[in-house]
Amino acid sequence: MSIVEIRVDMVEPFADGQAFGETGSYLRIKGIAKGEIDPATPENRVITDLDKALRNAHGRVEYETDFFILRPADPRRVNSVLVYDVTNRGRKMILSLLDDASGNADTNNPKTLQDVGLGFTLGRGYSLVWSGWDSGAPRANNGMTARLPPALENGTPMVRRLRDEFHIGTRAPGKGDVVRLNYPAVSTDQRDARLTVRDRESDSRTEIPANGWEFVDRQSIRLLPAGTHFAPYKIYDLWYEAAGSTVLATGFAATRDLVSFLRYQHTDRNGTLNPMIADGGPDDAPGADHALAFGVSQAGRFLRHFLDLGMNDDGHGRRVFDGVLSHVAGAGKVFANHSFAMPGRTATQHEDRLYPENWFPFGTAMTTDPFSGKTGTILKGRPTDPLMIEVNTSTEYWQRAPRWCTPTQPAGTMPNCPPRHGFI
């Protein structure tokens, strides 16, 4: 279970060698990390469908992930703190939110002083690290993604009947003439599928007959006659046989293993130097005595899920992150450690209400769930637990459920009490 190969594709001065106070100049480092994980170890058995992934000659499951680093050219001069910014749908977030980079800045491919805004993080000598964890995240505009193993049954892609919910005019792109599905269909015969529409989640579904729509291809549909648009703001559901699921929770292990490598390892198995080490010599140590994690919204939920899965232990009893800041994540986790995962989904008052996002344990204090009777916490009291800060706003209070029901609050009677199946 480790990063076995580091491929560095680019090392260049950041902002033409501009110095940031006592830290000096920074480097832009870009590449790919290849990893292997052992499905038999306890820390990896929490990964859904890992048993369905192909194994190499050593019995390991392989993956690879993009990485991008902004670090001081001489990491020995600074505070030796690595800050890992969890990508949100492939996007880098910290430069906009902590460094106040303007809307015109290219924060997904930072090259200039404008791209780092106030220079808050770089001016303090932090090394910034990003990597991909979601195989479905867009790569357009320098988005970061990962190549994760497919889930197979009897040597062929796993097939399941899915419900794919979609909406026009809310968060999804497009004008509504064609809708792209999360996974490709096994059959494009619409008679094998079912399409419905409703105004609100609580409304009864209305069937759209098979002759009223069609598959454009295996991963997109449209209404008939061609040119008819799906109505804005309505809730559409499509049930169909789908294939193409990946072992998406390998992305949690990829994050764990990359940060652990950058903190603790000197070289990969081929002798390639850890990119957090200066070019001074073979005895230099990685310039990362401590590691902090920052995640916003989906990325914050990723960090809460990461901790709940026990991923902050790198498998050698070493801490991955010393501190975690989860911002506007509410009580949620990510729809990622599931077959046919869809981590981009998140419930609002109107949409995606029936997908898994909030489940016990909800917080960092030891509590008992009044519905299941289970007792637990996201932080398990292990030596590898990090210090943690969670920040929420009124939106999360009413919609993202940063608090939860007590036994005296019946389900469905409060905005943040589970209306069904333990989901908030």
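Residues numbered from 1 in each chain as written. Predicted model: local features only at pLDDT ≥ 70, side-chain atom pairs only at ≥ 80, totals over all residues. Heavy atoms only, no water.

This part takes up unusual backbone geometry. The bulk of non-glycine residues show a negative phi, and the bulk of peptide bonds are trans. Look at the link from Leu224 to Pro225: it is a cis peptide, with omega at 0°. Along the chain, Pro225 turns up in the loop between β14 (220–223) and β15 (235–242). Non-glycine residue Asp49 carries a positive phi angle of around 70°. One non-glycine residue, Ser297, lies in the positive phi region at around 60°. Mapping Ser297 onto the fold places it in the loop between β16 (290–296) and α4 (298–308). Ser297 sits in the partly exposed class, given a relative accessible area of 29%. (Helix = DSSP H or I, 4+ residues; strand = E, 2+ residues; numbered from the N terminus. Buried < 20%, exposed > 50% of the residue type's maximum accessible area, 1.4 Å probe, protein only.)

A few words now on the sheet that holds strand β10 (residues 179–180). Spatially, β10-β14-β13 is the arrangement adopted by the 3 strands of the open sheet, whose pairing is antiparallel. A single partner strand is all that each edge strand has here, and the edge strands are β10 and β13 (213–217). Taken together, the 4 bridges between β13 and β14 define a ladder with antiparallel strand orientation. Bridge pairing links Phe215 to Ile221 in β14. (Pairing = 2+ DSSP bridges.)

You can see Asp164 is positioned in strand β9 (residues 160–166). Within the structure, the side chain of Asp164 is placed 2.9 Å from the backbone nitrogen of Asn182, a separation counted as a polar contact. A distance of 2.7 Å separates the side chain of Asp164 from the side chain of Arg345, its partner in a polar contact. Excluding residues within four positions of it along the chain, Asp164 makes contact with Leu181, Asn182, Tyr236, Asp237, Leu238, Tyr240, Arg345 and Tyr355. (Polar contact = N/O pair within 3.5 Å; in protein donor to acceptor, adjacent residues only side chain to side chain. Contact = heavy atoms within 4.5 Å.)

Attention now goes to the nonpolar core. Ranked by internal contacts, the top residues of the largest apolar core, which has 76 residues, are Leu195, Trp213, Ile221, Phe230, Tyr240 and Phe321. Of all the elements, helix α3 (residues 250–264) adds the most residues to this core, at 7 residues. With 19 residues, the next largest nonpolar core counts Ala15, Phe20, Phe294 and Val328 among its residues. (Core = buried A, V, L, I, M, F, W, Y, C linked by side-chain atoms within 4.5 Å.)

With that out of the way, let us pick up the confidence of the model for the chain. On average, residues of the chain carry a pLDDT of 91, and 93% of them reach 70 or more. Every residue in residues 404–424 scores below 50 in pLDDT, and together they form 43 contacts with partners more than four places removed in sequence or on other chains. (pLDDT = per-residue confidence, 0-100.)

Quick look at the pairing of β16 now. For β16, the buried fraction is high: 5 of the 7 residues fall into the buried class. Where strand β4 (residues 81–85) lies against β16, 5 bridges are found, and the strand directions are parallel. Looking at β16, one finds that Val81 is bridged to His290. Across 5 bridges, β16 lies against strand β17 (residues 323–327) in parallel orientation. Residue pairing in the sheet places Val296 in a bridge with His327 of β17. Read from β16 through α4 to β17, the crossover connection turns out right-handed. (Right-handed = clockwise from strand over helix to strand, strands pointing away.)

Attention now moves to α4. Counting buried positions along α4 gives 11 out of 11 residues, so the element sits mostly inside the fold. Buried within α4 are the following residues: Gln298, Ala299, Gly300, Arg301, Phe302, Leu303, Arg304, His305, Phe306, Leu307 and Asp308. Each element contacted by the buried residues of α4 is listed here: α3, β16, β17 and β20 (387–391). Two residues or fewer after α4 comes Gly310, characterised by a positive phi angle close to 80°.

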